[in-house]
Amino acid sequence: ALTRELGKNSKIRSAVENHPMLGMLGIEDLQIVEMPCIQHARGENIDDLTELLKEEGALKDKYQYVVVTSPEAAKVLGEAMKTAGLEEAAAIGAKVVAVGKATEKALKTECNLSVDFVPSKANGETLALE
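About the thresholds
Residues numbered from 1 in each chain as written. Predicted model: local features only at pLDDT ≥ 70, side-chain atom pairs only at ≥ 80, totals over all residues. Heavy atoms only, no water. Helix = DSSP H or I, 4+ residues; strand = E, 2+ residues; numbered from the N terminus. Rg over C-alpha atoms; globule rule 2.2 N^0.38 Å. Buried < 20%, exposed > 50% of the residue type's maximum accessible area, 1.4 Å probe, protein only. Contact = heavy atoms within 4.5 Å. Lys, Arg positive; Asp, Glu negative; His and termini not counted. Charge placed at Lys NZ, Arg CZ, Asp CG, Glu CD. Axes fitted to C-alpha atoms, helices over the stretch in contact; angles between N-to-C directions. Parallel < 35°, antiparallel > 145°, perpendicular 65-115°, else oblique. Left-handed = near helix turned anticlockwise from the far one by under 90°. Nonpolar A, V, L, I, M, F, W, Y, C, P; charged D, E, K, R; others polar. Expected span 1.5 Å × (residues − 1). 1 Å grid on protein atoms, 1.4 Å probe; cavity = no way out; pocket = protein on both sides within 12 Å on 5 of 7 lines; lining within 4 Å. Points joined across faces, edges and corners; volume = space filled by probe spheres on them.

Caption draft 1: Structural detail: the overall build of the chain. Counting its secondary structure elements, the chain contains 7 helices and 2 strands. For the chain, whose C-alpha radius of gyration is 19 Å, the value lies well above the compact-globule estimate of 14 Å for 130 residues. In terms of principal-axis extent, the alpha carbons of the chain reach across some 60 × 30 × 20 Å. Every one of the 130 residues in the chain was classed for burial, and the buried ones make up 28%. The long-range fraction of contacts in the chain, counting pairs at least 24 apart against all pairs at least 6 apart in sequence, stands at 60%. Placing the 15 positive and 21 negative side-chain charges of the chain at their respective mean positions leaves the two points 4 Å apart.

Here it is, written out as structure tokens:
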């Protein structure tokens, strides 16, 4: 069972289906099902984020960094930026940190943001150490 959101399992599905161990184990008919265990929903603070983004220089004045921990969070930030009328990455003002390469990619595509830092491992512990 693949537990990510529906439609977001293609890479792992391909890796499993093409893994050489299947042949070594004699598995010819592998059944893979998508069984999402997480559902993303609109957070109760999204309006607060949008209002903060609307205030010119608010992020820069209040925060040195914006840390984004997942591609889904990048999508939420992108939507809030659009709602706030921010089309330029410079309008955020704070440095942007992405926890993981997939999050970095999402920040570039969803938010048009340049990322200032990505820890060597995609976890909070490494982020704190680096």
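Caption draft 2: How the structure looks around the packing of helix H5 (residues 71–84) against helix H6 (residues 101–111). Closest axis-to-axis distance for the H5/H6 pair is 8 Å, and the angle between their directions is 20°. The angle between H5 and H6 places the two elements in the roughly parallel class. Here the hand of the crossing between H5 and H6 comes out right-handed. Counting all contacts with H5, which are made through Pro-71, Ala-74, Lys-75, Leu-77, Gly-78, Met-81 and Lys-82, the residues of H6 involved are Ala-102, Thr-103, Ala-106, Leu-107, Glu-110 and Cys-111. By residue class, the composition of the contact of H5 with H6 is 8 nonpolar, 2 polar and 3 charged.

Caption draft 3: Quick look at unusual backbone geometry. Even without being a glycine, Asn-112 presents a positive backbone phi close to 55°. With respect to the helices and strands, Asn-112 occurs in the loop between H6 and helix H7 (124–129).

Caption draft 4: Highlighting H5. Relative to the 20 Å expected for 14 residues at 1.5 Å per residue, H5 spans 20 Å between its end C-alpha atoms, a close match to the ideal helical length. Among the residues making up H5, those that are buried are Glu-72, Ala-74, Leu-77, Gly-78, Ala-80, Met-81 and Ala-84. If you follow the buried residues of H5, they end up packed against helix H3 (46–54), strand E1 (65–68) and H6. Gly-85, located one to two residues past H5, shows a positive phi value of around 80°.

Caption draft 5: Expanded view of the layout of surface pockets. In this model, the largest pocket occupies a volume close to 860 Å³. Lining the largest pocket are 22 residues; nearest its centre among them are Arg-4, Lys-8, Pro-71, Glu-72 and Ala-102. Sorting the residues of the lining of the largest pocket by element identifies helix H1 (10–17), H5 and H6 as the ones contributing at least two each. In terms of residues, the lining of the largest pocket owes the most to one element, H6, which gives 6 residues. Within the lining of the largest pocket, the residues separate by chemical class into 6 nonpolar, 7 polar and 9 charged. Its volume calculated, the second largest pocket comes out at about 350 Å³. For the second largest pocket, the lining is made up of 16 residues, of which Arg-42, Gly-43, Ile-46, Val-76 and Glu-79 are closest to its centre. Listing elements by their share of the lining of the second largest pocket, those giving two or more residues are H3 and H5. Considering each element in turn, the lining of the second largest pocket owes the most residues, 6 residues, to H5.

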